[in-house]
Amino acid sequence: MNEVRNLEISWVQGFTRENVEFVDNKTVCYTCGNHICFLNLETKTRSVFQSPGRGVGALTANGRSGAFAFSERKLSPFIFVYSFPGLELKNELKGDACLDYTSLTLSDGGPYLGCCSSFPEYSITVWNWENAEVICTKSQAGQDVISLEFNPMNWLQLCALGTTTLTVWNIEKCGSFHLMKPRVIQLPATNGAFAEEPPHTPTKNSFIPEMSLSPISELSKMKPIGYESSLPTGATITPSALCWTAASQLYVGCAEGYLLLVDPENLSVSVLFNPTAADAIPELQNFHFQALTLSSNGLIAVGKETVLHCLHIRGTQPSITQTWQLEKPVSAAILSPDNDTLLLSSNTGQIYLLNPAESDQIMKVLDVLSGNFLTAALLRTDKNVCVSLRERGVLQLWASDGTCLSSLPLQTEVTRLACCPIAHYAAVGTASGKILFVDLNNEKQLRLVHEVYLNHTAVDHLVFDQEGCYLLCSGSDLHLYVLYARPSMRFSVIGYVDVPGCILSLSTQCLGSNEEVKILALCAAQEDKNNDASLLIVFSLPVRSIAGSDCVDRQGCLYNLKVLRYKVPLPLTSCALGVGEVFAYCHSNKSLQRFQLPKDTDGLPSQQMVQLQPKEEVKGHQLGPVSLLLSPDCMWLASVGRDGLLRIRPTASMEKYCELWCHSCRLGGARSVSFSADGHTVVTTGFKDGSLQCTNLRPSCRIKDAYNEKDNYFTQYHQAMSLSLQIAFNSENPVLVTLPVWGQEAPVSCKKTEGKEVGCATTIDVMEKDKSYLPTPLNSTWLESRQDAIVKEDIKQHSETKKALRETVRELRQTIQKMLRENESIPEEQFNIDVEEQRRLEGVVEQEAERVKAEIEQDVIEKCYFRDLVKKECWDSVMIKSRSIKAFHSEMTVKNYPLNERTEKELEDLHRVQNMRKIEKAACRLRKSSSEQKEEREEEGHEAESAALSGSFSAELGCSSPYIYNQFSLQTIEQRINQIILLQDVIYSIKMAFNSDFEALHRQKVQELKRLQGRNKQIRDIMLELDIKQKLLDTSLTDGEWPERLLTVDDSEIKAEKCLNPEQKKQEERRRLEESCPTAQVDDSRERALDEMMEGVLEVKKGYILKMEIPPPEFVLAKPDIQWSEEEKNMYKEYERNMKDLSDKKEKYKRTLEIEMKKLQESIKDATEKFDKTLMKLYERELKCTVAIYQEELKIAYLADSVLTVEEMNNQERELRLKLERMLAHKMKTEEDLNRYKDEVDQCQYEYDSIVAEDKVLDQEFRKGFTDLPNRVNDQLYKLFKRRPRVQRLRAQTENATNLFKEHHLNASQVPDGFSQMLKAMEELDAPENMPEEINLSIWESFCFVRKTKVESEQTIKMKAQDLAEMQAFLKRREDEDNAAQEEINKILETLQSLQKKRNQHLTNTPVQLVLKQGRLETSTADRTADRAGSDFLLLHNSVVDDLRKNSMMLGKMKVASMEARSTVHKYIIQLEWEHRVLNKKIEDSNDKKRDIKMFRLTEEQQDMRHRSKKDQNACMLEKISTLEINIAFMKKSHERSIQQRMKKCEQINKKIKTEQISAALELELSHLRVSVAEMRHIYEASAAEENEAAEREDRYQEVIQKCNLEDLARAQSEYLDVLCKEVERLERKNFPSFDQLKHNS
């Protein structure tokens, strides 16, 4: 490999929309690909600085210090800090970033750099870039940070602007240790309102890890100490720009148009401008802030619009002082270090300058479009003019020094670019398949002169041959198009060549004297989707014209070409054709290969495949794909890849190469490469870095020596080629200049042709259109135009034949129409049908029918499968289906309980619990004696019999389980889970027992329905005989009683006609014939004889009596009664007698039928009513079962709730323990840090004390040093020793922004501090003019030296004291954080203890369900607000309560009567007793006074007061009074403290009242539920009173026993009260002895 110095960067162009920064007052820098460009704003000259690393990431600069810093784009990137203009590397910073840095910033107050890394660290780090030391860092702090900015006034403040947040980081110092503390700014909501937040706590511990707890009871109200939520509660405004003020405040502009003023000290936010306010400035209502900067004139605001505002803010009221109109919207505004020039940059590549002090004119200093370059090429001129093409379709022309000459927007999506060697034009391929030809002769105005529409696919490759004869183009349509490259040929298309696959690479070669152009195409198979291929095709095109018919067919395809096919062993991605050789890149093994083409290829057929083996193979680029390009003289091979490297190697020796890092591999590397005509200049473009780089090639001496042998040949050929190209240029370029701009002029012949075509089209009859008549589209491609030309030529050539055919067709049409009119009047039977066509159509119909039938059958199968699946899941899986029984005479319906079969898991759990309970009971029996076992059995029996203790009626239903736990013994979670399983089994057994009774009754109803149908049939027959109509009880099973009927479909439900195939039809006809044949063959003579003689019956039944009729004699109708004979009269009398007998028989038979019908109806009614009664009993049993099931389910719900509650408490305990572990670890870390901080503070304190002691020694030793001087002179020197000059200090003037930028925006090294000014003033005091007259110069100099030492010592003490105070404040804040952490740990421990206590209490206080009748529970109504959660209640029978009430009412009446009778007596007795008491009290008082007087003794104090004077007595009394006042004040404080305690208790009582109200509501709801349960129980008791007699007797017996027990208890309590009274009397005697005993003792 040769050295990189062989490649020299000529110029670089591009703009990446990133920040532009000042590096001094007149120079700005910005990123351009892998380089940093410096632009001088005065001279507008550019210089390029290449990154020493891999690419340029984040960039920042400080114009006041002349430094700039940037990061590289690679894994574990470095940060480089350079000085300007020397471009000297100051330091390399290696941080903890793994991928990239998102933002960098330099401080004005010192050598400090802030950086923010990207995923996964998201760390914010502050560096001292002079010594490459990390001052402080904070990880996971910059997730959404987009920019950082130091406070110009104080480098210890760093503002981080995020996408939705704004954070100010304060850097706290403790000696050499620094710590970053965040202060999150709470931004207002989108409507401008601020969310309520707690007051800021300055001692907040931001390092305490927070963890959310599950909300359970009071624990959910806990908040960690020092917790302050930094997340916004709702949508807030989006900060988009900021700038610092002289008062260390922030102006913040928002995307919604708000302007805020933020004070980081107290976290206050003021809204300076609200666009939604009524009094908002109209110019700013639709303004979106993009950038802010503070200038001497005011606040400069930049928005998305094309305006620039200067705002003057007075207080909190902004106003617009000046407005500038911009050419394009800008995105950034930066003020120069000297505060004179304002730099404006846009995302589209323009940079503007504005100097408000000089003029209001905005000057454009740079106009380079932004965006990525697609490709670039160099024109064949001496100037090395470069042509570039951007992705957005902009064609640009660049001079040899990198200046943009002109631009031409093509307004289309482009893909490729190529420059012609014989004329100044460029061919541009588009994504729509067009080739655009752009004239480049006029550098200031580029012209589009021609356009060729080849195909509908995008242009992938576009290549000129070396002599400029042909332009080759290919896309994805498997065609290689050949166009004339000469403007004189109007860029016409010659033809195309078919290729077997997609072309991945295309190159040409035209060296030699054989006058042909060789084309190399690298083709991939059509099924190969990867970007590699192994087929090389070489086409040979003659330099002479090939547009004749001997080379191009009618479709435009080239033939009679020499084609050679080569196969390579490994797939390739790119190739270049040399002289008899091919250079290619293989991506699979990352190598460059050289293939030697065979020389003797004349005898090879075009379809024969020749295998090639690489002649030479060297290591290539590591990242692909790679693009290869040969220089025009074939001496150099250039390659670029995704790694961003440009490698140029000599073709004679591929092992040697020189390389240059042109583009960043993180941004896609290099995209294209292009050589100049002389091969000494290379132009490359990047994929996504938006840069265009021009590089000069300087071959070394060794490479030149390697080319001594070939140099003569290539030099001669190059001279000849240059001469021929110059001749062609002189002839073709003038033609190009004369071409008009495309689209402005259209040829007249084209217009005339179009008009003729339109006119012809309108005269063609619709009936005469044939297949050859096709409309020509307006935007047709070259292939489509070629096809249209062929069609037109064929039409012109065969016009006579087509005309004859049209006449024949017209005659046939007329004949057919005549036949159609004749056929309308002829019957269908006379048509002569085409049998074959009919069979074909029938076959088609049958196929279509079979297809439809198959689809229907498939649909039916799918629906049947879905039906079976649903039936299996929802019907077959149910063991007992849901049924109902409906009463006959009412709407009452009883349903059963549908049940699924229990799973194996459920049965296994049940058996496990039952076995466990058996073992527990057996173990319990072994631990107890036989007597205890007997008592326990009795108690368990009583409990089992009592529904009140069991909590349900399942035992009364006979479905209780012997394994169920006692409700009072459920103390563990396992027991409660087992109890749930056992209760579920009880519910299952209740449902199964009820379902068995339900099934029996259901079968009974089915039998009753059968009997009912039989009896109804008899009744209908009777009604038919009697000829009457009555409504019968005709019922059947409903769908709810017979649900299986819903799953079957009867034939009567099908309304559509059944479709039968021919075989089914034959079977149906055969069945009908079989049914009709036997009836036709039977002889019916017997039936006819019966009909004629006996009306079809052999005997007369009773049912036929009603149908019998006696015909009257014939003479009755023929003769009148006067003409009757005696015989006829007798016959008529016999007739009347027979008629009367027949009528009597009919009446008798009718009565018999009516009686029988009534019996049948009564039997039906009795049977149905009896069934309804049975159903009513089943309904009552259903109610009982439902109540029992609900009771068991209620118990299960209580148990499940308790289990879940305990589980939740366990989870919360685990969370608290985890948090406690984290807090303890944090506490240990803070303690270690605190100890270290204390050691540093102690060390600083020790050093401070030492310096102070040394300063005192200097003060004490001063007089000793001048002892030889007189005292007066010594005193004078001492005064001068203590004298200090007055120093003019700098003041921060916030009113005037000019002072801010001229005084405060200075570098730290340039700002004079107080000590330097003090030294300057001391030098003035040390002047000999200030020397006293009594001393000489030597003494004055020694005095000045001592005084200077003293001043330096005092300054050192001040600095040390300041550091010590700062360290002590830092230590105090850390101690507060440590205390807060300890308090948090204590609080967590207390929470854990209370949680454990509550869990144990929850397990101990088992919820018990009791069944009580309505009105059996009464509570005290005296204080309903009291908390009765832990109160005890006594359960008594209701009769006991009623008796007590009656007795109390009776005794109350008696008491009232006795009180009224004795009222008068009591009055007198009371009066006498009162008088007696008064007298007794007087006697007692007298006795007490007498005894006190006798026993009165003076204390020493009283005796002392007697001997004092009156003045002393008053002083003593005053002293006592002061003591009493102090005591009174103390008592008042204690009283206030007690009042506060009472207030706290009142708050607790109020909380209890709220809880009581909630519990009262729940109790009210529970009472309603109990009322409903009691009503159902009352219904049950009312209907089954007889069954409950035994239970009531047992209850009364229990009440009697309970009453006896209560009486015994009352008796025992009365005895105990007597004993207590006696004990009280004894204690009174003991504590209060009699007066006699007192007198005796005295």
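The coordinates are above.
Residues numbered from 1 in each chain as written. Predicted model: local features only at pLDDT ≥ 70, side-chain atom pairs only at ≥ 80, totals over all residues. Heavy atoms only, no water.

Topic: the overall build of the protein chain
Now for step 1: The helix and strand tally for the protein chain stands at 24 helices and 61 strands.
Now for step 2: The burial tally for the protein chain puts 37% of its 1642 residues in the buried class.
Now for step 3: Within the protein chain, counting contacts between residues at least 6 apart in sequence, those at least 24 apart form 56% of the total.
Now for step 4: Summing over all exposed atoms, the protein chain offers an accessible surface of approximately 98,700 Å²; the carbon and sulfur share of this is 53%. (Helix = DSSP H or I, 4+ residues; strand = E, 2+ residues; numbered from the N terminus. Buried < 20%, exposed > 50% of the residue type's maximum accessible area, 1.4 Å probe, protein only. Contact = heavy atoms within 4.5 Å. Areas by Shrake-Rupley, 256 points an atom, 1.4 Å probe, with all protein chains shown as cover.)

Description of the packing of aromatic side chains
Now for step 1: Inspection of the entire model under this criterion finds 31 aromatic pairs.
Now for step 2: Ring geometry for Phe38 against Phe84: centres 4.9 Å apart, planes inclined by 25 degrees, an arrangement best described as stacked. With a gap of 46 residues between them, Phe38 in strand 4 (residues 35-40) and Phe84 in the loop between strand 8 (78-83) and strand 9 (88-94) connect regions that are remote in the sequence. Each of the two residues, Phe38 as well as Phe84, counts as buried.
Now for step 3: With 6.2 Å between their ring centres and 15 degrees between their planes, Phe68 and Phe70 make a pair best called stacked. Here Phe68 and Phe70 have matching classes, each one buried.
Now for step 4: In this structure, Arg642 packs its charged tip against the face of Phe687, placed 3.9 Å from the ring centre.
Now for step 5: Across the ring face of Tyr988, the terminal group of Arg902 is positioned such that the distance to the ring centre comes to 4.0 Å. (Phe/Tyr/Trp six-rings, centres within 6.5 Å; stacked < 30°, edge-to-face > 60°. Lys NZ or Arg CZ within 6 Å of the ring centre and 35° of its normal.)

A few points about the pattern of salt bridges
Oppositely charged side chains can pair when the atoms bearing their charge come close.
Now for step 1: Scanning the entire structure with this criterion turns up 48 salt bridges.
Now for step 2: Residue Asp439 pairs with Arg447 through a salt bridge whose shortest N-O separation is 2.7 Å.
Now for step 3: Since its relative accessible area comes to 4%, Asp439 is described here as buried.
Now for step 4: Here Arg447 falls in the buried class, since its relative accessible area comes to 18%.
Now for step 5: Asp1376 is the salt-bridge partner of Lys1372, the closest N and O atoms lying 3.0 Å from each other. Of this pair, Lys1372 and Asp1376 both sit in helix 18 (residues 1337-1404), 4 residues apart, which is roughly one turn of the helix.
Now for step 6: For Asp1376, a relative accessible area of 18% puts it in the buried group.
Now for step 7: Look at the salt bridges and you will find they share partners, linking Glu172, Lys181, Arg1373, Arg1374 and Glu1377 into a network. (Salt bridge = Lys/Arg side-chain N within 4 Å of Asp/Glu carboxyl O.)

Things to note about the sheet that holds strand 44 (residues 533-542)
Now for step 1: One open sheet accounts for 5 strands, arranged 42-43-44-45-49; its pairing is mixed. Two strands in the sheet have a free side with no partner beyond their single neighbour: strand 42 (502-509) and strand 49 (609-611). In this sheet, neighbouring strand axes are inclined to one another by 25 degrees on average, regardless of whether the strands run parallel or antiparallel.
Now for step 2: Across 8 bridges, the pairing between strand 43 (residues 516-524) and strand 44 is antiparallel. (Pairing = 2+ DSSP bridges. Axes fitted to C-alpha atoms, helices over the stretch in contact; angles between N-to-C directions.)

A closer look at unusual backbone geometry
Now for step 1: A cis amide bond, omega 10 degrees, links Phe84 with the succeeding residue Pro85.
Now for step 2: Examined against the element boundaries, Pro85 turns out to sit in the loop between strand 8 and strand 9.
Now for step 3: Residue Pro120 is reached from Phe119 by a cis peptide bond, and omega for that bond is 5 degrees.
Now for step 4: Tracing the backbone shows Pro120 in the loop between strand 11 (112-117) and strand 12 (124-128).
Now for step 5: The backbone of Gln411 sits at a positive phi, close to 60 degrees, despite the residue not being glycine.
Now for step 6: You can see Gln411 is positioned in the loop between strand 33 (404-409) and strand 34 (414-419).

Details of the packing of helix 15 (residues 1271-1282) against helix 18
Now for step 1: Where helix 15 meets helix 18, the closest approach of the two axes is 10 Å, and the angle between their N-to-C directions is 40 degrees. In terms of crossing hand, the pair formed by helix 15 and helix 18 is right-handed. On helix 18, the residues touching Leu1277, Leu1280 and Phe1281 of helix 15 are Trp1340, Phe1343, Val1346, Arg1347 and Lys1350.
Now for step 2: Here the residues of the contact of helix 15 with helix 18 are counted per class, giving 6 nonpolar, no polar and 2 charged. (Left-handed = near helix turned anticlockwise from the far one by under 90°. Nonpolar A, V, L, I, M, F, W, Y, C, P; charged D, E, K, R; others polar.)

Details of the environment of Leu667
Now for step 1: Mapped onto the fold, Leu667 is located in the loop between strand 54 (658-661) and strand 55 (670-675).
Now for step 2: Spatially, the C-alpha atom of Leu667 lies 9.9 Å from that of Asn34, the residues being 633 residues apart in sequence.
Now for step 3: If near-sequence neighbours (up to four positions away) are discounted, Leu667 is found in contact with Arg73, Phe687, Lys688 and Asp689.

Details of the sheet that holds strand 48 (residues 591-596)
Now for step 1: Taken in spatial order, the 4 strands line up as 46-47-48-50 in an open sheet, and their pairing is antiparallel. Both edges of this open sheet fall to strand 46 (574-577) and strand 50 (614-619), since each of them pairs with a single strand only. The mean inter-strand angle of the sheet, taken between neighbouring strand axes irrespective of direction, is 20 degrees.
Now for step 2: Of the strand pairs in this sheet, strand 47 (residues 581-586) and strand 48 are connected by 6 bridges, and their pairing is antiparallel. Within strand 48, the residue paired with Tyr585 across the bridge is Leu592.

Notes on helix 10 (residues 973-1026)
Since the α-helix turns once every 3.6 residues, residues separated by three or four places project in the same direction.
Now for step 1: With 54 residues, helix 10 extends 77 Å from end C-alpha to end C-alpha; this agrees with the ideal 80 Å at 1.5 Å per step.
Now for step 2: Its side-chain oxygen placed 3.3 Å from the backbone nitrogen of Gln975, Thr972 serves as the N-cap of helix 10.
Now for step 3: Following helix 10 by one or two positions, Asp1027 adopts a phi angle in the positive range, close to 60 degrees. (Expected span 1.5 Å × (residues − 1). Polar contact = N/O pair within 3.5 Å; in protein donor to acceptor, adjacent residues only side chain to side chain.)

Description of the nonpolar core
Now for step 1: One finds Ile990, Phe994, Ile1019, Leu1175 and Leu1178 to be the most contacted residues of the largest nonpolar core, which totals 47 residues.
Now for step 2: Those elements that provide at least two residues to this core are helix 7 (904-927), helix 10 and helix 14 (1126-1265).
Now for step 3: Take this core: its biggest share by element is 16 residues, from helix 10.
Now for step 4: The residues touching Ile1019, leaving out its near neighbours within four places in the chain, are Leu1032, Met1157, Leu1160, Gln1161 and Ile1164.
Now for step 5: Grouped together as the second largest cluster of nonpolar side chains are 30 residues, Phe464, Ala485, Cys557 and Leu783 included. (Core = buried A, V, L, I, M, F, W, Y, C linked by side-chain atoms within 4.5 Å.)

Quick look at the packing of helix 7 against helix 10
Now for step 1: Put simply, helix 7 and helix 10 touch, their axes get as near as 10 Å, and they point 115 degrees apart. In this view, helix 7 runs roughly perpendicular relative to helix 10, as classed from their interaxial angle. As for the relative orientation of helix 7 and helix 10, their crossing is left-handed in sense. Mapping the contact onto sequence places Asp909, Leu910, Arg912, Val913, Gln914, Met916 and Arg917 in helix 7 and Asn978, Ile981, Leu982 and Asp985 in helix 10.
Now for step 2: The class makeup of the residues in the contact of helix 7 with helix 10 is 5 nonpolar, 2 polar and 4 charged. (Parallel < 35°, antiparallel > 145°, perpendicular 65-115°, else oblique.)

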